[in-house]
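# Notes for the structure review
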Amino acid sequence: MNIFSQLFGRFLVSRHTSHLFRRRVILESLPREGRAEAVPDQLSRQLSQQAQAGLPDLLAQLNSRKDGLSDTEADAIRARVGPNEVEHEKPMPWWLHLWLSYKNPFNLLLTVLAVVSYYTEDIKAAIVIGSMVILSTLLRFVQERRSNQAALALKELVSNKATVIRQGSAAAAAADAQRYFDISLSVKPASPQELPIKLLVPGDIVLLSAGDMIPADCRVMVAKDLFVSQSAMTGESLPVEKFPDATGQTEGALAMPNLVFMGTNVVSGSATVLVLATGNSTYFGMLATRVTANTREINAFQIGVNKVSWLLIRFAFVMVPIVFLINGFTKGDWPEAFLFALSVAVGLTPEMLPMIVTSTLAKGAVLLSRKKVIVKRLDAIQNFGAMDVLCTDKTGTLTQDKIALARHTDVFGKESEEVLGFAYLNSFYQTGLKNLLDRAVLEHFEVEKELQLAKNYTKIDEVPFDFVRRRMSVVVSERNDHHELICKGAVEEVVAACSRVRDGDQTVALDAAMLERVHRVTRDLNEEGLRVVAVAVKEIPPSQVAYSVADESELTLIGYIAFLDPPKESTAPALRALAANGIAVKVLTGDNELVTAEVCRQVGLVVEGMVLGPQIDRMDDPTLALAVEQHTIFAKLSPLNKERIVRSLRANGHIVGFMGDGINDAPALRAADIGISVDTAVDIAKEAADIILLERSLMVLEEGVVEGRKTFANMLKYIRMTASSNFGNVFSVLIASVFLPFLPMLPLQLLVQNLLYDVSQITVPFDNVDAELVTQPLKWNPDDISRFMVFFGPLSSIFDITTFVVMWYVFKANAAEHQSLFQSGWFVVGLLTQTLIVHMIRTPKIPFIESRAAWPLLVMTLVIMAVGIFLPMGPLAGYFKLEALPMAYFGWLAAILVAYALLTTLMKRYYIRRFGWQ
């Protein structure tokens, strides 16, 4: 018998495998760039066809039976199609993460400079430059590694077993003998067994009950009061009722009422389902593959950093050869000219930029962690600040993700406590698991006290809900005086069973005019985004003891109860705060457009237009690019609709954030500049996100936006200050190289000055930021940085040249034997003006009066200025080939510094009026 069964099993599996192979061939025939879009569409069509196929035909197609596969058959199928596991983003190897932390234009350039310095025997420069590279790389690597480990620890533990009907080999052989040879064999029937989810295969029969995660894409064979939460897949806030028949649905697989999908869960009821697809072949699996297979796109922060980096690098490539040639021809010492040019290259390169950027982002990550935000990728913090469009899901973000009773009205839409009382009786006395709507009604505990249920009411009977009638009734005895049949259900079905309508203290006939009025009231409630349930009653003599569907006739319609997923209390103020910070909010949801519009109205979000998923499917890219700018609500979206909207907004020049937690949000999270999820999100959403919120609130986002802008503002300070200062220094070097008979500063002195200046900037990440600078999104603007550099750089050259003149004519440092005095004088002026300029241009306000730097930056400025004066005046002067400066020099020094500060402040005012200040 076992051999007989195995032979049949192999035969059936081979047929099933050939079907899967044909599907793969179809996919492989698609153009590579079109597969990502085509796969879900093709899968949707296939699932739709399987939903509408006859059950016997579908079982035959999957080589299965009503009492399931045998273990042998399942093992053979699994060997072909793989385990029922969805692909996850693999953790990045440490060495690859370390390489990515190192790989940026500045680090690569600095590495080259360090190598050149080493081979030209300038060991000190090589050590200094190499230390900067190693420190910035390790800082980024350690911070991101810690954040990713914290994110991994947040992954939810989900149920890993399913109840499956599996036959033994004997049962399988008997079933095949009956099917193919009409031979009846007596064997023990198949029985349910608990199996790990990863062992499921197409063709398995699975039993579902309330609370179960659905382990694969399945078709419903038998259902009893089955309600499934599909919010993670479609965005629908309310559970969806499922039943065995397709009922002619053609709106795509997700809309099929007899299909259930991996990643969703059973809210109430029970069912027997047939597994259609497992693992990466499921709808969920296709989305997971799309998210994890694609390389993450370069985001706005990385684009901005690279643009600024190459701007400064190109400037260095132009200026350094000029310095080298001028000094080589004028001084005749080409090796010394090369070392000096190399020192200028180091001075031009803001070698602290990688470290400043990384430490600033790391500081932001620490601050955000205290506000219940885990930053998986440090770049995301700056993108927080640059974000000007936030796309968010509705369910659970704007709303509480909880069904609440919003209205209880009479037939004409007026508030009615009587309707609430009858609805409470119906929900209270019905047997079985209460669905979410019943629970919302039963939360009104005060009704039970008012009605005195225990004293005044006794349950007599019940007519259960079914999907044909779409209503249910309970019969209660009120004070043993009469029986009251209370019917509750879908409006159309309840109204169809009614002949009269309650109007105040009397009842009137339900004629055509009254029916139109009923439809108008319920339509108005639906347009408010409410899910409406009708309530009807009927008095029956107490002599009747048994009731059936036939008693649901000649009812009196008394009113409606209406439900809504209510908005969070924090949503409205959070939206106002985001708007005040220059961020436009767009709602992207798979839910109903009327519900979404009503929620937006309640939270004060101005709706400028609405587009539905099917409309987006028909739009080409230029049309969609215009639509995403003109509309606020995008409803009934598929996962690929969401992703396409995000990409379109990015293509329009926006920095886009996307907040979502469902399976259907994962592609959009991956496509956004900054993907935001929550700790309760599905794993695929957390993997695609850049930031994970431990508290599902838009208020946390607003705080993150401000923190991101502070981070960006401090990075921009360093870049502006360093670029303008370095440009001025090189400009001064060019002038001095032409007219001086010696080098204006030795290579070692230039490197030490540059190192001291860089050390003074270490505290920039901890600096204060003016409130006015964080009210609008901040973006990288290389043109602005270039303009700033050219505008403010020559200002320092004016005072450098003044120093040259003073040292040459006043202190007579005008010959080669006095060059160390000249170099000492410019060393001090150059260092002090560089550190002072930090305070002049860190703010658009008047420094030290209207805006003061943070104390760490003030202290570091004073320390470095003191060190700069100490070096030529102290015992280390000879080591650096400096010499003590005369006391008269310091009077000139003070005058130069004051004049420099005043001129910079005046020019800053002019610059702000002409170009503005970001």
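Residues numbered from 1 in each chain as written. Predicted model: local features only at pLDDT ≥ 70, side-chain atom pairs only at ≥ 80, totals over all residues. Heavy atoms only, no water.

All right, on to the pairing of strand S4 (residues 217-229) then. The pairing of S4 with strand S7 (residues 265-277) spans 10 bridges and is classified as antiparallel. What sits directly across from Phe227, in S7, is Ser268. Two strands pair when backbone bridges link them, and S4 and strand S6 (residues 259-260) are joined in this way by two bridges, in the antiparallel orientation. Directly across from Cys218, in S6, lies its bridge partner Val260. The sheet contact formed by S4 and strand S5 (residues 240-242) spans three bridges and is antiparallel. Opposite Leu226, over in S5, you have Lys242 as the bridge partner. (Pairing = 2+ DSSP bridges. Helix = DSSP H or I, 4+ residues; strand = E, 2+ residues; numbered from the N terminus.)

A cluster of nonpolar side chains, Val115, Tyr118, Tyr119, Ile123 and Ile127, forms an exposed patch at the surface whose accessible area comes to about 550 Å². Listing elements by their share of the nonpolar patch, those giving two or more residues are helix H6 (105-119) and helix H7 (123-153). With three residues, the single largest contributor to the nonpolar patch is H6. (Patch = residues over 30% accessible without salt bridge, like charges linked within 9 Å, V, L, I, M, F, W, Y side chains within 5 Å. Areas by Shrake-Rupley, 256 points an atom, 1.4 Å probe, with all protein chains shown as cover. Salt bridge = Lys/Arg side-chain N within 4 Å of Asp/Glu carboxyl O.)

To continue, consider the environment of Ala74. Relative to the helices and strands, Ala74 resides in helix H4 (residues 71-81). Looking at Ala74, the relative accessible area reads 0%, which means it is buried. Placed 126 residues apart in sequence, Ala74 and Leu200 show a C-alpha to C-alpha distance of 7.6 Å. (Buried < 20%, exposed > 50% of the residue type's maximum accessible area, 1.4 Å probe, protein only.)

A word on helix H21 (residues 571-580). Those residues of H21 that sit buried are Thr571, Ala572, Ala574, Leu575, Ala577 and Leu578. The secondary structure elements touched by the buried residues of H21 are strand S9 (389-392), strand S18 (584-588) and helix H28 (698-739). Once H21 ends, the next one or two residues include Gly582, with phi positive near 75°. (Contact = heavy atoms within 4.5 Å.)

Helix H31 (residues 819-841) packs onto helix H30 (residues 782-810) with a crossing angle of 150° between their chain directions and a minimal axis gap of 10 Å. Both H30 and H31 take part in a crossing whose hand is right-handed. Across the interface between the two elements, Phe788, Phe792, Asp800, Thr803, Phe804 and Met807 of H30 pack against Leu821, Phe822, Gly825, Trp826, Val829 and Ile841 of H31. The class makeup of the residues in the contact of H30 with H31 is nine nonpolar, two polar and one charged. (Axes fitted to C-alpha atoms, helices over the stretch in contact; angles between N-to-C directions. Left-handed = near helix turned anticlockwise from the far one by under 90°. Nonpolar A, V, L, I, M, F, W, Y, C, P; charged D, E, K, R; others polar.)

Moving on: unusual backbone geometry. For residues other than glycine, phi is negative in most cases, and the peptide bonds are mostly trans. Even without being a glycine, Gln452 presents a positive backbone phi close to 50°. Position of Gln452 relative to the elements: it lies in the loop between helix H17 (445-451) and helix H18 (453-456). Phi at Lys881 is positive, roughly 60°, even though this residue is not glycine. Within the secondary structure layout, Lys881 lies in the loop between helix H32 (855-873) and helix H33 (887-915). We classify Lys881 as exposed; its relative accessible area is 55%.

A pair of packed helices is characterised by two quantities: the angle between their axes and the separation of those axes. Across the interface, H31 lies against H32 with an axial gap of 9 Å and an inter-helix angle of 175°. With respect to H32, the axis of H31 lies roughly antiparallel. Each of Ser824, Phe827, Val828, Leu831, Leu832, Thr835, Val838 and His839 in H31 lies in contact with H32, whose residues at this interface are Leu857, Leu858, Thr861, Ile864, Met865, Gly868, Ile869, Leu871 and Pro872. Classifying every residue of the contact of H31 with H32 by side-chain character gives 12 nonpolar, five polar and no charged. (Parallel < 35°, antiparallel > 145°, perpendicular 65-115°, else oblique.)

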